[in-house]
Amino acid sequence: MIYLDNAATTPVVPAALEAAWPWLTAEFGNPSSTHELGLRAKTALESARSRIANWLDCPASDLVFTSGGTEGDNLAITGLALANLRGKHIISAKTEHEAVLETLDYLERVHGFEITWLNVDHQGNIDLAELGKALRSDTTLVTLMLANNEIGTTHPLSQIIQATHAVGALVHTDAVQAAGCFDVRVGKNGTVVAGVDALTISGHKLGAPKGSGVTYIRGRLAVEPLLHGGGQEFGRRSGTENVAWAVALATAIDSLPEVLSEAARVSALRDEFISQVLSSIPQAQLTGNPTDRHPGIASFTFAGLNGETLLLELEQRGVIVSSGSACAAGSDDPSHVLIACGIEAEVAQTSVRFSLSHSTTAEELSTAAAALADAVASVSGLGT
């Protein structure tokens, strides 16, 4: 099996499971308890927080452990919007993940926020001039993802942060797909996320178990919590902490290869794969920005073919991919991202996404490209 659906989820790093195991068995203490078992759990939790903070270059107290990207997006967007009111205006784009779109819909319906949706072009790019015109004195928050999970297009986050802060508003970025492939040190000058006010990370995209995650919220900004109770996580997320998954997440992050060199290597593999596909399959059209994109995402449409049939044909050939966001799997609706990019619904439903990891090899991609060409020929009736 050649697994090229890493944007949906990644295999758990063995070291992460090994590190988590004691905190699922003998070391079962509640980190809020003051006896020895509880204190050991508390020490493990705060050690994991410190290790992740070191990776992000931020104070440990700025991190909130969550159950993953969806909760993290909800906490950052709703929490900051309700607690830092300059007005009830938020800016985003229709190409965001459903966790962002549905949160904004909630704020609009229940709390009376006004949402300005930035347009994107055919490649999923926003116009910074349009953002500048949309920013107002009553804008509370701008939320735009670092790298799109379906088409891979990246947003110029440094310029977005600069423009938004100039009017006194806050910036949140969904970095779920980007963390591990981009330099996400929020406190390091010169990184694409430097100065961002909130950033969301999901553990299962980084080799940690599903149900793990962490959200960065800068400098003790006021946050309206989603969960109320015992005041854990500095009062930002109540509930007994999942020590095992926090330790697993920190260990998975410790196990990540060096980001910049690996991103360059994976990008080169991705570009060669894109070239092979486009040169061998006339129906293939690349989606997203051809250069400003996630290192590991190559997404195509195949006009006139059935995308789901292509997925099945590829799986029969030992290549595992998806049609887009795993969160929308099983839906008959075309990708909201591709629709926002102006791609016709019939064409959007033919999309196939290949997503690489740092362990993907050139040989696997060459085999996958050949399998795709064979699958397309079979589906189109040109094969044997």
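Along every chain, residues carry numbers that run from 1 in the direction the sequence is written. Totals for whole chains, interfaces and linings use every residue, but because this is a predicted model, local features are given only for residues with pLDDT of at least 70 and side-chain atom pairs only at 80 or more, for both listing and counting. Excluding hydrogens and water, the side-chain figures rest on all heavy atoms present in the structure.

### Side note on the overall build of the protein
Turning to step 1, where the next piece is worked out: Numbering of helices and strands starts at the N terminus; helices are DSSP runs of H or I of at least 4 residues and strands are runs of E of at least 2. Regarding its fold elements, the protein presents 12 helices and 12 strands.
Turning to step 2, where the next piece is worked out: Against the 2.2 N^0.38 benchmark of 21 Å for 384 residues, the protein shows a C-alpha radius of gyration of 21 Å, consistent with a compact globule.
Turning to step 3, where the next piece is worked out: For the protein, buried positions account for 54% of its 384 residues.
Turning to step 4, where the next piece is worked out: A contact between two residues is defined here by any heavy atoms of the two lying within 4.5 Å. Put simply, of all contacts in the protein between residues at least 6 apart along the chain, 75% involve residues at least 24 apart.
Turning to step 5, where the next piece is worked out: Residue-level accessible areas treat just the shown protein chains as cover; the underlying method is Shrake-Rupley with a 1.4 Å probe. Summed over all atoms, the accessible surface of the protein reaches about 15500 Å², with 53% contributed by carbon and sulfur. In this description the radius of gyration comes from C-alpha coordinates, and the expected globular size is given by 2.2 Å times residues to the power 0.38. For each residue, the accessible area found with a 1.4 Å probe, counting protein chains only, is set against the maximum for its type, and the residue is called buried under 20%, exposed over 50%, and partly exposed in between.

### So, the packing of helix H8 (residues 259-280) against helix H12 (residues 362-379)
Turning to step 1, where the next piece is worked out: Only the stretch in contact is used when a helix axis is fitted, and all axes are lines through C-alpha atoms; the angle between N-to-C directions ranges over 0 to 180 degrees. Between H8 and H12, the least distance of the axes is 10 Å, while the angle of their chain directions is 20°. Judged by the inter-axis angle, H8 sits roughly parallel to H12. Two packed elements cross with a definite hand, and for H8 against H12 that hand is right-handed. Residues Leu-269, Phe-273, Gln-276, Val-277 and Ser-280 of H8 pack against Ala-362, Leu-365, Ser-366, Ala-368, Ala-369, Leu-372 and Ala-373 of H12. Orientation is classified from the angle alone, with under 35 degrees giving roughly parallel, over 145 giving roughly antiparallel, 65 to 115 giving roughly perpendicular, and any other angle giving oblique. With the far helix as reference, a near helix turned anticlockwise by less than a right angle produces a left-handed crossing, and one turned clockwise produces a right-handed crossing.

### Here we look at helix H6 (residues 157-166)
Turning to step 1, where the next piece is worked out: Among the residues of H6, Leu-157, Ile-160, Ile-161 and Thr-164 are the ones counted as buried. Down the axis of H6, the smallest arc covering the buried residues is 100°, so these residues share one side. For H6, the exposed residues lying more than 90 degrees away from the buried face are Gln-162 and Ala-166.
Turning to step 2, where the next piece is worked out: Buried positions along H6 lie against helix H5 (128-134), strand S5 (139-143) and strand S6 (170-174).
Turning to step 3, where the next piece is worked out: At the exit of H6 stands Gly-168, carrying a positive phi of roughly 90°. This arc is built from the directions going out from the helix axis to the C-beta atoms.

### Side note on the sheet that holds S5
Turning to step 1, where the next piece is worked out: Only when DSSP finds a minimum of two bridges between them are two strands counted as paired. The sheet built from seven strands is open, its strands ordered S2-S8-S7-S6-S5-S3-S4 with mixed pairing. Where the open sheet ends on each side, the last strands, each with one partner, are strand S2 (63-66) and strand S4 (114-118). Each strand axis lies, on average, 20° off the axis of its neighbour in the sheet, ignoring direction.
Turning to step 2, where the next piece is worked out: Where strand S3 (residues 89-93) lies against S4, five bridges are found, and the strand directions are parallel.

### Quick notes on the nonpolar core
Turning to step 1, where the next piece is worked out: Grouping buried Ala, Val, Leu, Ile, Met, Phe, Trp, Tyr and Cys residues that are joined through side-chain atoms within 4.5 Å yields what is termed a nonpolar core. Formed by 60 residues in total, the largest nonpolar core has its most connected members in Ile-52, Trp-55 and Leu-199.
Turning to step 2, where the next piece is worked out: At 10 residues, helix H7 (residues 243-254) tops the list of elements feeding residues into this core.
Turning to step 3, where the next piece is worked out: Within the second largest apolar cluster, 28 residues are counted, among which are Ala-298, Phe-302, Leu-372 and Val-376.

### Some remarks on the packing of aromatic side chains
Turning to step 1, where the next piece is worked out: Side-chain rings of Phe, Tyr and Trp (the six-membered ring for Trp) are treated as a pair once their centres are within 6.5 Å; stacked means planes under 30 degrees apart, edge-to-face means over 60, and tilted covers the remaining angles. As enumerated under the stated definition, the model contains four aromatic pairs in all.
Turning to step 2, where the next piece is worked out: On the basis of an interplanar angle of 75° and a centroid distance of 6.1 Å, the ring pair of Phe-300 and Phe-354 is categorised as edge-to-face. Here Phe-354 lies in strand S12 (residues 352-355) and Phe-300 lies in strand S10 (residues 297-302), a separation of 54 residues in the sequence. Side by side, Phe-300 and Phe-354 carry an identical accessibility label, which is buried.

### So, the side chain of Thr-139
Turning to step 1, where the next piece is worked out: Position of Thr-139 among the secondary structure elements: in strand S5.
Turning to step 2, where the next piece is worked out: Taking relative accessible area as the criterion, Thr-139 reaches 0% and is therefore assigned buried.
Turning to step 3, where the next piece is worked out: For this analysis, a polar contact is any N or O atom pair within 3.5 Å, provided that within protein one partner can donate a hydrogen and the other can accept it, and provided that sequence-adjacent residues contribute only side-chain to side-chain pairs. Looking at Thr-139, its side chain comes within polar contact range of the side chain of His-89, at 2.7 Å.
Turning to step 4, where the next piece is worked out: Not counting chain neighbours up to four residues away, the residues in contact with Thr-139 comprise Arg-86, His-89, Ile-91, Ala-134 and Ala-169.

### Observations concerning H12
Given 3.6 residues to a turn, an α-helix orients residues that are three or four positions apart in the same direction.
Turning to step 1, where the next piece is worked out: With 18 residues, H12 should cover 26 Å at 1.5 Å per step; its first-to-last C-alpha distance of 25 Å lies within 8% of that length.
Turning to step 2, where the next piece is worked out: The complete set of buried residues in H12 reads Leu-365, Ala-368, Ala-369, Ala-371, Leu-372, Ala-375, Val-376 and Ala-377.
Turning to step 3, where the next piece is worked out: Of the residues one or two after H12, Gly-381 is the one with positive phi, at around 85°. Any helix carries an expected span of 1.5 Å times its number of residues minus one.

### Some points on the packing of helix H3 (residues 69-83) against helix H4 (residues 98-111)
Turning to step 1, where the next piece is worked out: Interaxial distance between H3 and H4 falls to 9 Å at its minimum, and their mutual angle equals 35°. Pair H3 / H4 crosses with right-handed handedness. Only Ala-99, Val-100, Thr-103, Leu-104, Tyr-106, Leu-107 and His-111 of H4 make contact with H3, whose side of the interface consists of Thr-70, Asp-73, Asn-74, Ile-77, Thr-78, Ala-81 and Leu-82.
Turning to step 2, where the next piece is worked out: Amino acid classes used here: Ala, Val, Leu, Ile, Met, Phe, Trp, Tyr, Cys and Pro are nonpolar; Asp, Glu, Lys and Arg are charged; the rest, including Gly, are polar. Taken together, the residues of the contact of H3 with H4 sort by class into eight nonpolar, five polar and one charged.

### What about unusual backbone geometry?
Turning to step 1, where the next piece is worked out: Despite not being glycine, Asp-57 has its phi angle at roughly 60°, a positive value.
Turning to step 2, where the next piece is worked out: Tracing the backbone shows Asp-57 in the loop between helix H2 (36-56) and S2.
Turning to step 3, where the next piece is worked out: Phi is positive for Glu-233, close to 55°, though the residue is something other than glycine.
Turning to step 4, where the next piece is worked out: For Glu-233, the position within the fold is in the loop between strand S8 (213-217) and H7.

### Re the sheet that holds S12
Turning to step 1, where the next piece is worked out: Across the sheet, which stays open at both edges, the three strands sit in the order S9-S10-S12 with antiparallel pairing between neighbours. Taken across any chain shown, the strands that pair with only one partner, and hence form the sheet edges, are strand S9 (284-287) and S12. Mean inter-strand twist for the sheet, computed between neighbouring axes without regard to direction, equals 30°.
Turning to step 2, where the next piece is worked out: Against the sheet, helix H9 (residues 307-316) engages S10 and S12, with an angle of about 40° to S12.

### Things to note about the pattern of salt bridges
Turning to step 1, where the next piece is worked out: Salt bridges are defined as contacts in which a side-chain nitrogen from Lys or Arg sits within 4 Å of a carboxyl oxygen from Asp or Glu. For the coordinates displayed, the defined rule picks out 17 salt bridges.
Turning to step 2, where the next piece is worked out: Arg-136 is the partner of Asp-138 in a salt bridge, and the nearest nitrogen-oxygen pair spans 2.9 Å.
Turning to step 3, where the next piece is worked out: For Arg-136, a relative accessible area of 28% corresponds to the partly exposed category.
Turning to step 4, where the next piece is worked out: The partner of Arg-317 in a salt bridge is Glu-313, with the nearest N and O atoms 2.6 Å apart.

Any link to function would need more than the numbers given here.
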